[in-house]
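Here is how the chains run, residue by residue.
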Amino acid sequence: MKCRVCGKPASINLRSYKTALCEEDFIAFLEKRVSNTIKKYRLMEEADRPVVAVSGGKDSLSLWYMINRIGYAADGIYVDLGIEGYSGRSLGKIRQMADILRRKVYIFHVQEALQRGIDGIAKAIRRPTCSACGTIKRYIMNRICIDKGYTLLATGHNLDDEASALFGNILYWKKEYLWKKNVLLEGKEDHLVKKIKPFFLCSEREIAAYAIMKGIDYIYEECPFSKDAKTLTYKGILNGIEESSPGTKIMFVKGYLNMVKEKGGEKEDGREGRYCLQCGYPTFSDKCSFCRLLDRFGTGCAVEFDQYD
Amino acid sequence: MRVECEGNTYEFERPMLASKLLEQLSLSRETHLVVVNSKLVTEDHKIEKDDEVKLVRVVSGG
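Residues numbered from 1 in each chain as written. Chains lettered and ligands numbered in written order. Predicted model: local features only at pLDDT ≥ 70, side-chain atom pairs only at ≥ 80, totals over all residues.

1. Some thoughts on the confidence of the model for chain B
Cut-off, in case you're wondering: The predictor reports its confidence for every residue as pLDDT, a score running from 0 up to 100.
Looking at chain B as a whole, its pLDDT mean stands at 95, while 98% of the residues score no less than 70. Interface confidence in the predicted complex, given as ipTM, is 0.96; pTM for the same model is 0.95.

Written out as structure tokens, the structure reads:
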């Protein structure tokens, strides 16, 4: 198979685009797609100060690397969940990337703040580990942005993440979530930072290929709590369809984005949004979920972060 | 050829196409990338018997 641009041997076959590209041309192709996504959806302006939510995996490290490379200087944020072995190895990969990029990374240690790791917290509050993890990550990432003056939080969610989440929302007709996904999620001044997903239209396969080509050293193993996640089942089903009908995932997600333009303004749950009386984070009650966790397990101190630079 | 995949190592005596290797291990080209001697290759690439191969799973997350 030859590269469609230069005729050299191809490194990747992109069946959904009916093309094959060599390493050099694929890197240019993917970076251009991300640049175009940023411009088309107005994800970042010149005055913005972006920060990337990093986990140590291929998507977040590739995003951090790529947006710095294409001209958007961005620091990183890592939430250390206190998962024995796994969290430490992830942090090692992140520090390595911070050194390469010469950017700062903020680190929040769950174990230090809440006196236990994520599995201990989940058991104590009788919630699934991934749900407790989401609550803490969303809060901490937002808090760092507000406290440190970042105007945008970029996450590594990719086409497959979005397609599988959408698939799950449709399967169970979760109307409260169905029209809330987008490339850009608006913030609320002084309370909630704007979130962007520059990889929304890039597949996992493309991002993994980029990471390999760029020699990005990411944590290959899965989070031990995600192995039974439904998302992985949905991704398997969608990849089965993609195998026989290339381009299905991108059409599914792009079709959704077109529909969300019409549906996005609709209020689905009817609940009135408020702000936490303790910290100002958006909530539906007097106190947000994270402040309730701090009350129950915290040291009573202010939320603190390590800074690696 | 020596093939590494998700913590397992396999040995194959004869050269074969990358697509055939994926098929032999019941893997999909949508979920695994084929890296030969540290370079990513397409499914029609012929893997020689002395090559070092790594099959990289691309699906992640919960």
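And the narrative resumes.
2. Some details on the sheet that holds strand S5 (residues 105–109) of chain A
Residues and elements named next belong to chain A. The condition is simple: Strands were regarded as paired on the criterion that DSSP finds at least two bridges between them. Secondary structure elements are taken from DSSP: a helix is a run of H or I of four residues or more, a strand is a run of E of two residues or more, and numbering for both begins at the N terminus. Residue pairs are scored as contacts if the distance between their C-beta atoms, which are placed from the backbone, is within 7 Å. Lines fitted to C-alpha atoms define the axes here, with helix axes fitted over just the stretch in contact, and angles between the N-to-C directions of these axes take values from 0 to 180 degrees.
The sheet built from seven strands is open, its strands ordered S7-S8-S6-S3-S4-S5-S11 with mixed pairing. Across the chains shown, the open sheet's two edge strands, defined by having one partner strand only, are strand S7 (184–185) and strand S11 (306–308). In the sheet, S5 pairs with S11 via three bridges, with the strands oriented antiparallel. Across the sheet, Ile107 pairs through a bridge with Asp306, a residue of S11. Sheet strands touched by helix H2 (residues 58–69): strand S3 (50–53), strand S4 (75–80) and strand S6 (152–154). Its angle to S3, the strand with the most contacts, is close to 160°. Sheet contacts for helix H6 (residues 129–148): S3, S4, S5 and S6; angle to S4, the most-contacted strand, approximately 145°.

3. Observations regarding the sheet that holds strand S5 (residues 39–41) of chain B
Residues and elements named next belong to chain B. Taking strand neighbours across the sheet as the criterion, the five strands line up as S2-S1-S7-S4-S5 in an open arrangement whose pairing is mixed. Across the chains shown, the open sheet's two edge strands, defined by having one partner strand only, are strand S2 (8–11) and S5. Pairwise comparison of adjacent strand axes, ignoring direction, gives a mean angle of 30° for this sheet. Inspection of the sheet shows strand S1 (residues 2–5) paired to S2 by four bridges, in the antiparallel sense. Opposite Glu4, over in S2, you have Thr9 as the bridge partner.

4. What about the interface of chain B and chain A?
The parts lose accessible area when they come together, and the size of an interface is often stated as this lost area. Going by this rule: The nonpolar class holds Ala, Val, Leu, Ile, Met, Phe, Trp, Tyr, Cys and Pro. Asp, Glu, Lys and Arg form the charged class, and all remaining residues, Gly among them, are polar.
Each partner contributes to the interface: chain B provides 17 residues, whereas chain A provides 27 residues. For the side of chain B that touches chain A, the elements supplying multiple residues, two or more each, are strand S4 (32–36) and S5 of chain B. Among the elements that make up the side of chain B that touches chain A, the one with the highest residue count is S5(B) (three residues). Among the residues making up the side of chain B that touches chain A, the classes are represented as seven nonpolar, six polar and four charged.

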